[in-house]
2 protein chains.
Amino acid sequence: MSQWKQVQQLEMRLLEQVDYLYDDNFPMDIRQGLAGWIESQDWDSAVNDESMASVLFTNLQTQLEKVRSQEQNFLQRHNMKIIQQQLQVTASPALFLVLHLRACRREKEVKSSSCSLEQGALEQSLQN
Amino acid sequence: MSQWKQVQQLEMRLLEQVDYLYDDNFPMDIRQGLAGWIESQDWDSAVNDESMASVLFTNLQTQLEKVRSQEQNFLQRHNMKIIQQQLQVTASPALFLVLHLRACRREKEVKSSSCSLEQGALEQSLQN
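Residue positions are counted from 1 within each chain, in the order its sequence is given. Written order determines the labels here, with chains lettered from A and ligands numbered from 1. Two thresholds apply to this predicted model, a pLDDT of at least 70 for residue-level local features and 80 or more for giving and counting side-chain atom pairs, whereas whole-chain, interface and lining totals are computed over all residues. With hydrogens and water excluded, all non-hydrogen atoms of the structure serve as input to the side-chain values.

Colleague: What's the story with the interface of chain B and chain A in this structure? I'm lost.
Modeller: Often, the extent of an interface is quoted as the loss of accessible area on bringing the components together. Contact residues are listed per partner, giving 22 residues for chain B and 22 residues for chain A. The quantity reported as buried area is the accessible area (1.4 Å probe) lost by two parts once they are put together, taken as the sum for both. Interface of chain B and chain A: buried area, both sides summed, is about 1900 Å²; carbon and sulfur atoms make up 57% of it. The largest share of the area that chain B buries against chain A comes from Phe74, Leu75 and His78 of chain B, three residues that together contribute 34% of it. Take a side-chain nitrogen of Lys or Arg and a carboxyl oxygen of Asp or Glu: if they are within 4 Å of each other, that pair is a salt bridge. Applying the counting rule to chain B against chain A returns two salt bridges. Between Asp19 of chain B and Lys81 of chain A there is a salt bridge, and its shortest N-O distance comes to 2.2 Å. A 3.5 Å cut-off defines polar contacts: any pair of N or O atoms within that distance qualifies, except that in protein one atom must be a possible hydrogen donor and the other a possible acceptor, and neighbouring residues in sequence count only when both atoms are side-chain atoms. At the boundary of chain B and chain A, one finds eight residue pairs in polar contact (both at pLDDT 80 or more). To qualify as a helix, a DSSP run of H or I must reach at least 4 residues; to qualify as a strand, a run of E must reach at least 2; elements of each kind are numbered from the N terminus. For the side of chain B that touches chain A, the secondary structure elements donating two or more residues are helix 2 (12-19), helix 3 (28-33) and helix 7 (74-88) of chain B. Ranked by residues supplied to the side of chain B that touches chain A, first place goes to helix 7 of chain B with nine residues. Here the nonpolar group is Ala, Val, Leu, Ile, Met, Phe, Trp, Tyr, Cys and Pro; Asp, Glu, Lys and Arg are the charged ones; every other residue, Gly included, is treated as polar. Taken together, the residues of the side of chain B that touches chain A break down into 10 nonpolar, six polar and six charged. Between two residues, a contact is recorded if the distance between any of their heavy atoms is within 4.5 Å.

So this is what it looks like as structure tokens:
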């Protein structure tokens, strides 16, 4: 299961923390539409390598176009088109990637904190 | 069936005309989320009456909050929250309503043109 699917199963309190990671600079539509692809890329290396960042950013746009053209839902197809237009005028692909990486890492932390809480509760109940 | 549902059943060529009616100034998420409510309001009168426009705009925000709080889909709830934040700083509720009214009217025209085309094709096939 992708990290993104696991994140969506978190309780509301933690889900709200994830919610704040996404805005116009890094729309959640991209995270959802390309969940599997996003999680299989080497973002850490790209953030430190301008030409790699540029290639990854172009690949992301290609993936988006592929997903949009196959999307059956009119609203989601429309929103993806608007995001594609915004990405085309993004001044800094590298900044976009940094924002993206930060969001994915923070997602992971929130997910881990949920696991730690569950583990703690389990240990507590075993001790009682 | 709401006009919005009928519009989504149009052929791709006409659907693309509808697609262009919506952008950040009047997001399609609002049109979809509040389809029934939107189509039951008196927008024509509100456009010519500033105080009525203001009341309608406030009611629209209340409706959006209601729909958002009941939305189960994480992405759609998130997008609706962002739109609500944008609406709170909208400089001119009246302008928003004008854009809205224009989009709904144009939708109707596109839908009618589809009906005329179908009617024409039917008559043509009956004549042949």
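Colleague: Looking at this model, I keep getting lost on the relation of the copies chain B and chain A. Mind explaining?
Modeller: The two chain copies are related to each other by a rotation about an axis together with a translation along it. Least-squares fitting of one copy onto the other uses the C-alpha atoms of those residues that reach a pLDDT of at least 70 in both copies. Of the two same-sequence chains, chain B is brought onto chain A (RMSD 0.0 Å, axial shift 0.0 Å) by a rotation of 180°. Considering both components of the superposition, the chain copies are consistent with a two-fold axis. Both copies present the same face, since 100% of the interface residues in chain B are matched by interface residues at the equivalent positions in chain A.

Colleague: Would you take a moment to explain helix 6 (residues 50-70) of chain A for this structure?
Modeller: Residue pairs spaced three or four apart in an α-helix point in one direction, given the helix's 3.6 residues per turn. Residues and elements named next belong to chain A. In this scheme, a helix's expected span is set at 1.5 Å multiplied by one less than its residue total. Here helix 6 is 21 residues long and its end C-alpha atoms lie 31 Å apart, about the 30 Å a rise of 1.5 Å per residue gives. Considered for burial, the residues of helix 6 that qualify are Ala53, Leu56, Phe57, Leu60, Leu64 and Arg68. Buried residues of helix 6, viewed axially, fall in a sector of 110°; they line one side. What points out from helix 6, more than 90 degrees from its buried face, is the exposed set Ser51 and Gln70. Per-residue accessibility, obtained with a 1.4 Å probe over protein chains only, is compared with the maximum for each type, and a residue is labelled buried under 20%, exposed over 50%, and partly exposed between these values. An arc is given here, and it is the one of the directions from the helix axis to the C-beta atoms.

Colleague: Can you walk me through the side chain of His78 of chain B in this structure?
Modeller: Tracing the backbone shows His78 of chain B in helix 7. Judged by its relative accessible area of 1%, His78 of chain B falls in the buried class. Once residues within four sequence positions are removed from consideration, His78 of chain B is found in contact with Asp19, Tyr22 and Met28 of chain A.

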